Every structure is written in C-alpha cells, then in structure tokens.
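Chain by chain, the residues:
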Amino acid sequence: MLNKIEHLGIAVKSIEKSAKMYEALLGKPAYKTEIVESEGVSTMFFQIGESKIELLEATKPDSAIAKFIEKKGEGIHHIAYDVNDIEVELERLKGEGFDLIHLTPKDGADNKRIAFLHPKSTGGVLVELCQEKKV
Ligand code: ZN
C-alpha cells in the first residue's frame, strides 16, 4: 500500500542558490542536507506538513540529475511515495507490469530504503518508493 506522498524531488543546478528561494517560498529553513555518494547527488530537505521537498543537485557530471537538467532543465524530478514494506510493494508493482529500475531496495537520503520505477511504465513520471529505516 502507498501511504502518502513522502516527498517531491526537484532537480536544481545549485542547492546553494535554490535554497534561498525555497526558504522564501516555504517560509522556513531546510531541516537537513545530505550527500548520497552512490547516486552522485547532494540533497536538501524541507518539511511541509506530512510531506517534504527534496532538492537535488548533481555532484558529478554523469549523475542522473546532471543528465536530467541537461535534457529538461530544473524542475520536478520525481514523486516519492511512502510505503510500509518496500519489498512487498516492489513485488506487487512488478506483478502489475511496472518496469522497476531497482529490483531490490537501496539506501537513499533521509534514512530511507528506496527504489525507483521507470517513467516509461508510469506515464512519464519517475516514481520513487521509500520506506523509513527502522532505528
Ligand atoms: Zn527522492
């Protein structure tokens, strides 16, 4: 089951520059920044009620975010849904015919296990599933 929209991922050229605009827009500071080395991204998170905004900046030229910005410019990159059991959901979605980018979950930012679905099977929208890691 998908519980809620956990966050929206937004690709930006520079987190440092975008942070000021988002702070002004949302009326609050970010609550964390984190680099995800394996993905080649630097992230910044803002809490908005139950959901979050995740800013994503490429840390290397061959990262997915760098390629996305090159092709489409800055903007919404993915929608992330919160799930209770990511393995069960991946199995269910595979059964529904969705194209999984990650067959098994991997570590993501913000204490999450994550997996992406390919946008070609989701109407052009990159979809992330994320499950809070138990501490
Ligand atoms: Zn995300």
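Conventions we followed
- Along each chain, residue indices are assigned from 1 in the same order as the chain's sequence is written.
- Where local features are concerned, this predicted model is filtered to residues with pLDDT of at least 70; where side-chain atom pairs are given and counted, the filter is 80 or more; whole-chain, interface and lining totals use all residues.
- Side-chain measures here rest on the full set of heavy atoms in the structure, leaving out hydrogens and waters.
- Every helix listed is a DSSP run of H or I at least four residues long, and every strand listed is a run of E at least two residues long, numbered separately from the N terminus.
- Our radius of gyration is a C-alpha quantity, and the globule rule it is checked against amounts to 2.2 Å times the number of residues to the power 0.38.
- Each residue is assigned to one of three classes by its accessible area relative to the maximum for its type, calculated with a 1.4 Å probe on protein chains only: buried under 20%, partly exposed between the two thresholds, exposed over 50%.
- Residues are treated as being in contact if the distance between any of their heavy atoms lies within 4.5 Å.
- To be clear on the numbers: accessible area is Shrake-Rupley with a 1.4 Å probe, and residue cover counts the displayed protein chains and nothing else.
- Within this scheme the basic residues Lys and Arg register as positive and the acidic residues Asp and Glu register as negative, but His and the chain ends are omitted.
- Charged groups are reduced to one reference atom each: NZ for lysine, CZ for arginine, CG for aspartic acid, CD for glutamic acid.
- To obtain the arc, one takes the directions from the helix axis to the C-beta atoms.
- Paired strands, in this sense, are two strands between which DSSP finds at least two bridges.

(A) Inspection of the overall build of the protein chain at higher detail. Counting its secondary structure elements, the protein chain contains three helices and eight strands. Computed over C-alpha atoms, the radius of gyration of the protein chain comes to 15 Å, within 12% of the 14 Å expected from 2.2 N^0.38 for 135 residues, which places it in the range of a compact globule. Along the first, second and third principal axes, the C-alpha atoms of the protein chain reach 40 × 30 × 25 Å. Evaluated residue by residue, the protein chain yields a buried proportion of 41% over its 135 residues. Counting only contacts in the protein chain whose residues sit at least 6 apart along the sequence, the fraction spanning at least 24 positions is 54%. Summing over all exposed atoms, the protein chain offers an accessible surface of approximately 7,600 Å²; the carbon and sulfur share of this is 55%. Charged side chains in the protein chain number 19 positive and 23 negative. The centres of these two groups are separated by 2 Å.

(B) Quick look at helix α2 (residues 64-72). The complete set of buried residues in α2 reads Ile65, Ala66, Phe68 and Ile69. All buried residues of α2 fall inside an arc of 160 degrees around its axis, so they share one side. Exposed side chains of α2 directed beyond 90 degrees from the buried face belong to Glu70 and Lys71. Gly73 occupies a position one or two residues after α2 and carries a positive phi of about 80 degrees.

(C) Structural view of helix α1 (residues 15-26). Considered for burial, the residues of α1 that qualify are Ile15, Ser18, Ala19 and Tyr22. Projected down its long axis, α1 shows its buried positions confined to an angular sector of 115 degrees, all on one face. Set apart from the buried face of α1 by more than 90 degrees, the exposed residues are Glu16, Lys17, Lys20 and Ala24. As for α1, its buried residues are in contact with β1 (2-11), β3 (41-48) and β4 (51-58). In the stretch just after α1, Gly27 is the one whose phi turns positive, near 75 degrees.

(D) Geometry of unusual backbone geometry. The phi angle at Asp110 is positive, at roughly 60 degrees, despite the residue not being glycine. Residue Asp110 is classed as buried on the basis of its relative accessible area, which comes to 7%. Positive phi is not limited to glycine here, since Asn111 has a value of about 60 degrees. Take Asn111: it is sitting in the loop between β6 (106-108) and β7 (112-117). The exposure class of Asn111 is partly exposed, given its relative accessible area of 31%.

(E) The arrangement of the pairing of β4 in detail. Sheet topology places β1 next to β4; five bridges connect them, and they run parallel. Bridging across to β4, Ala11 finds its partner in Leu56. Bridge analysis of β3 against β4 gives eight bridges, and the strand direction is antiparallel. Paired with Phe45 across the bridge in β4 is Glu54.

Shape descriptors only; they carry no functional weight alone.
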